[in-house]
Amino acid sequence: MMTHHRKPEHPGHHAHGPVKRPLLRRWALWRRVTAALFLGALVCSQFEWFPWFGGSTAGTRLLGVVPFVDPLAALEVALATRHVEATVLIGAGILIGAAMILGPVFCGFVCPMGLALDLNQVVRRVFQRVVFRKKVRTAMPTRVPNSVRYGLLGFFVGFAALYGLPLFQTVSPINLLSRGLVFGVWGGLVLVGVIVVVEWFVPRLWCRALCPLGALYSIIGRWAVLRVRIDPHEAGKIRCQQCQIRCPMGIPIMRTYTLGKELAVWDPSCIRCGDCIDVCPRSVLGLRLTRFPEKTEGEATGAVELTVGGGQLNGASKARSGGTLVDPLDHSRSASRAETGGSL
Amino acid sequence: MGGGLLAGCGLGGLYLGLDSVASASSGGVLRPPGALDERAFLSACIRCGQCVDACPFGTLRLTDLTVGLKKVGAPTFEASETPCYLCQGYDELLCIEACPTHALGPVADPREVRIGLAVIDEDICLAYNGAMCRACWHACPYPDEAIKYNEMLRPFVCAEVCTGCGLCEYACPTETKSVVIDVDAERVHGGHRRRGSGRGKGRQGRG
């Protein structure tokens, strides 16, 4: 009897942070919507009454006219056949051009595998909260060096060049997932399932550490102008680190700002998913078009207005560490973090 | 990337060694019209499935993991389930039009399609065993050209004309199809050849 009246306790409920963006202003919602729409369009294109995106993630055609070809597929086929078709050139060119401007937005906003793993994480978080009464993650995901992804990219590209087979297109979980859902070849979903199960324990392992397509997009989008911007007026007032804890790619988001005074997240592996923006309680971060490397450093101050607080931060952290820059967001240096944070 | 390249060479060699052993025993797989020869086709195909979407008859499907790693995701069809209608009633072969990489090469006329060759098994063919059957002839898109009848009213395949579309195999009424499409059959000019049984043997014969 009593159990009915007992209100469930939510130990972590108030600790989630005071601010939560309204649902319609969350990137997490919109990127899932776009990815789901794309996947839905692929699936519906099976039927004649919906000729929007025939094919799968390796290559599609918008309304049967505008071709899109996966850049990695195009690269592999070009190397495997020693020949480039005009359609491949156009189709890959569109996506490469988009990625050069917008960065690896494909990963965040289009990739069906990204969507599946994203939802996997949602399920996991809810499960942990409800069943284990455990708060959301409080530590940054371990960073896997980018060289692993680039190495895998090199492996598949080299394989195509040497053995004349676009191997990644056959085994890519992205393609296996989209082919499985679109064309009903379910066998490939075994690999997708394995990755989903692994990611329950090691979140976002595939995107963060393994995906060669993401690596290629990272290279293409190295100098993209769409970046996660850091607002110097707001930055550094609180050191909640929520962005870095949530970042699926394990990017230490604020580190480049605190250490290098960069006003945008410059890490090439950033997939523009917007998770950091969603969790930020002070609207420090935003997905904006950013000019080429923008810093708040001495000579660059003409371009960017510095707040007094930002200027103090730069001067203070340099002075305190005596030339060698101390990372105030490093977990191992919690003492120095508290010190720096307090001074602001 | 250098390490990846090295690993690629090693693993690739290992994989190809294993795979060639496996593929020696696997039968030929029917490819869509205009497909390049198997090796070039597998090089050029990005496994996107646009040909499958384009096919108005629902003939094509993508191969699953069961056929060996090389062939995963490439388009194929089973003639006894749904044959290739060579886009009858359409201006062009739609799968070829859809292919972004020209793994399905351009074909000027549906007559030039060479998916394989229909091979009649005279041991079980009804017409060769005393019955009156013209199912394959009726189904054939080029009757009296690709499939002809001799003076005994028994069908034979004209190797120069046969496109390998599989309509005859689809139409064949015998339980074990007495006409099947052989992907690897060598085209012998001037008439039909008798073969014991269908698919798979041709490949071994060629080595």
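Below or above, wherever it landed, is the structure these notes cover.

Basis of the calculations
Residues numbered from 1 in each chain as written. Chains lettered and ligands numbered in written order. Predicted model: local features only at pLDDT ≥ 70, side-chain atom pairs only at ≥ 80, totals over all residues. Heavy atoms only, no water. Helix = DSSP H or I, 4+ residues; strand = E, 2+ residues; numbered from the N terminus. Buried < 20%, exposed > 50% of the residue type's maximum accessible area, 1.4 Å probe, protein only. Pairing = 2+ DSSP bridges. Salt bridge = Lys/Arg side-chain N within 4 Å of Asp/Glu carboxyl O. Core = buried A, V, L, I, M, F, W, Y, C linked by side-chain atoms within 4.5 Å. Contact = heavy atoms within 4.5 Å. Buried area = accessible area lost by both parts, 1.4 Å probe. Polar contact = N/O pair within 3.5 Å; in protein donor to acceptor, adjacent residues only side chain to side chain.

## Focus: the side chain of Gln128(A)
(1) Moving on: Within the secondary structure, Gln128(A) is located in helix α6 (residues 112-131).
(2) Moving on: The exposure class of Gln128(A) is buried, given its relative accessible area of 14%.

## Some thoughts on the pairing of strand β1 (residues 53-56) of chain A
Residue and element names in this part refer to chain A.
(1) Moving on: As paired strands, β1 and strand β2 (residues 59-62) are joined by four bridges and run antiparallel to one another. In the strand pairing of β2, Gly54 is matched with Arg61.
(2) Moving on: The hairpin turn running from β1 into β2, its antiparallel successor, is two residues long.

## What to know about the pattern of salt bridges
Residues and elements named next belong to chain A.
(1) Moving on: Tallied over the entire structure, the rule returns seven salt bridges over all chains.
(2) Moving on: Of the charged contacts, one joins Asp118 and Arg31 as a salt bridge, the two residues approaching to 2.7 Å between their closest N and O atoms. Taken together, the positions of Asp118 in helix α6 and Arg31 in helix α2 (residues 27-44) put the pair 87 residues apart, joining distant regions of the chain. A single burial state applies to Asp118 and to Arg31, both of which are buried.
(3) Moving on: Between Arg204 and Asp118 there is a salt bridge, with its nearest N and O atoms 3.6 Å apart. Separated by 86 residues along the polypeptide, Arg204 in the loop between α10 (189-201) and α11 (205-210) and Asp118 in helix α6 bring together distant segments of the chain. As far as the burial class goes, Arg204 and Asp118 line up, both buried.
(4) Moving on: Because the salt bridges share partners, they merge into one network encompassing Arg31, Arg32, Asp118, Arg204 and Asp275.

## Regarding the nonpolar core
Nonpolar side chains in soluble globular proteins tend to end up buried together.
(1) Moving on: Core analysis: the biggest nonpolar cluster contains 113 residues, and Met113(A), Trp206(A), Leu213(A), Ile253(A), Met254(A) and Leu285(A) have the highest contact counts within it.
(2) Moving on: It is helix α7 (residues 146-163) of chain A that contributes the most residues to this core, six residues altogether.
(3) Moving on: In this structure, Val69(A), Ala74(A), Ala92(A) and Ile46(B) belong to the second largest nonpolar core, which totals nine residues.

## Here we look at the interface of chain B and chain A
(1) Moving on: Each partner contributes to the interface: chain B provides 38 residues, whereas chain A provides 41 residues.
(2) Moving on: Here chain B and chain A share an interface that buries about 2,900 Å² over both sides, 65% of which is from carbon and sulfur atoms.
(3) Moving on: Counting across the interface, chain B meets chain A through zero salt bridges.
(4) Moving on: Counting every contact that joins chain B to chain A gives 11 residue pairs in polar contact (both at pLDDT 80 or more).
(5) Moving on: Breaking the side of chain B that touches chain A down by element, the ones donating at least two residues are α1 (2-25), α2 (38-44), α3 (50-54) and α4 (94-98) of chain B.
(6) Moving on: Take the side of chain B that touches chain A: its biggest share by element is 10 residues, from α1(B).

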